[in-house]
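Here is how the chains run, residue by residue.
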Amino acid sequence: EYFDEVDMDELIDPEQIKRQNVDEVIKCFYDENQTIINNAISFISSYVYMGNESAYEGLINYYMGLGPAESLEDGYLRIKIVEILSSKESEKKTIDAYVNELYRTPSNNTTRKLYTKILERLSRCPEEMVREPLLELLNKKKYSYKIKNRIIDVANIIETGRWW
């Protein structure tokens, strides 16, 4: 009954969401309580998807400032962030954030799903934006044979236009 009386366009104004101040939510990213951090990231996702630039910038800045993933919980949080950022893969900052994650986080059993998610997302990014960062990454960091080949495979997919 409530929805019969309310104009949904007035209730959810995309232009208002794009301009909404999300600074208080972004502050929650830095809380010590993991539940608060998870809730803040879930909340901010709608704003990022709707084109709120300050929500995107706040999430990118938080993500870039993280240390290496060390636990499964760290990995799951980062996968969630990568999924949100996937709506902004034409942005250089998003690609830089993905590559930065591969650089700072060691590849191991704990981070395998995170690596898989990032490599999958990179394989869908614009070729001209991904090629150089991936080549630089391979020059800066030593990987196991298997991971190195997965990164090279992503570069080949980009080069040939095939999808993973």
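Quick summary incoming for the structure in this document. (Residues numbered from 1 in each chain as written. Predicted model: local features only at pLDDT ≥ 70, side-chain atom pairs only at ≥ 80, totals over all residues. Heavy atoms only, no water.)

Take the packing of aromatic side chains next. In the structure shown here, the tally under the stated rule is four aromatic pairs. Considering the side-chain rings of Phe29 and Tyr62, the 5.2 Å spacing of their centres and the 45 degrees angle between planes classify their relative orientation as tilted. Linking Phe29 in the loop between helix 4 (23-28) and helix 5 (34-49) with Tyr62 in helix 6 (residues 53-65), this pair joins segments that are 33 residues apart in sequence. Judged by relative accessible area, Tyr62 falls into the buried class, the value being 7%. (Phe/Tyr/Trp six-rings, centres within 6.5 Å; stacked < 30°, edge-to-face > 60°. Helix = DSSP H or I, 4+ residues; strand = E, 2+ residues; numbered from the N terminus. Buried < 20%, exposed > 50% of the residue type's maximum accessible area, 1.4 Å probe, protein only.)

Time to look at the packing of helix 8 (residues 92-104) against helix 9 (residues 112-122). The N-to-C vectors of helix 8 and helix 9 enclose an angle of 145 degrees; their axes lie 10 Å apart at closest approach. Our pair here, helix 8 against helix 9, has a crossing hand that is left-handed. Together, Ile95, Tyr98, Val99, Glu101 and Leu102 of helix 8 and Leu114, Tyr115, Ile118, Leu119, Arg121 and Leu122 of helix 9 make up the contact between the two elements. (Axes fitted to C-alpha atoms, helices over the stretch in contact; angles between N-to-C directions. Left-handed = near helix turned anticlockwise from the far one by under 90°. Contact = heavy atoms within 4.5 Å.)

Below, the discussion takes up the pattern of salt bridges. Counted by the stated rule, this structure contains 10 salt bridges. With a closest N to O distance of 3.6 Å, Glu15 and Lys18 form a salt bridge. Taken together, the residues Glu15 and Lys18, both in helix 3 (residues 14-19) and three residues apart, mark about one turn of the helix. Given a relative accessible area of 40%, Glu15 falls into the partly exposed group. For Lys18, a relative accessible area of 38% gives the class partly exposed. In this structure, Glu57 and Lys93 form a salt bridge, with 2.7 Å as the shortest nitrogen-oxygen distance. Taken together, the residues span a long stretch of sequence, with Glu57 in helix 6 and Lys93 in helix 8 at a distance of 36 residues. Members of the salt-bridge network, linked through shared partners, are Glu15, Lys18 and Arg19. (Salt bridge = Lys/Arg side-chain N within 4 Å of Asp/Glu carboxyl O.)

Keep in mind these values describe shape, not function.
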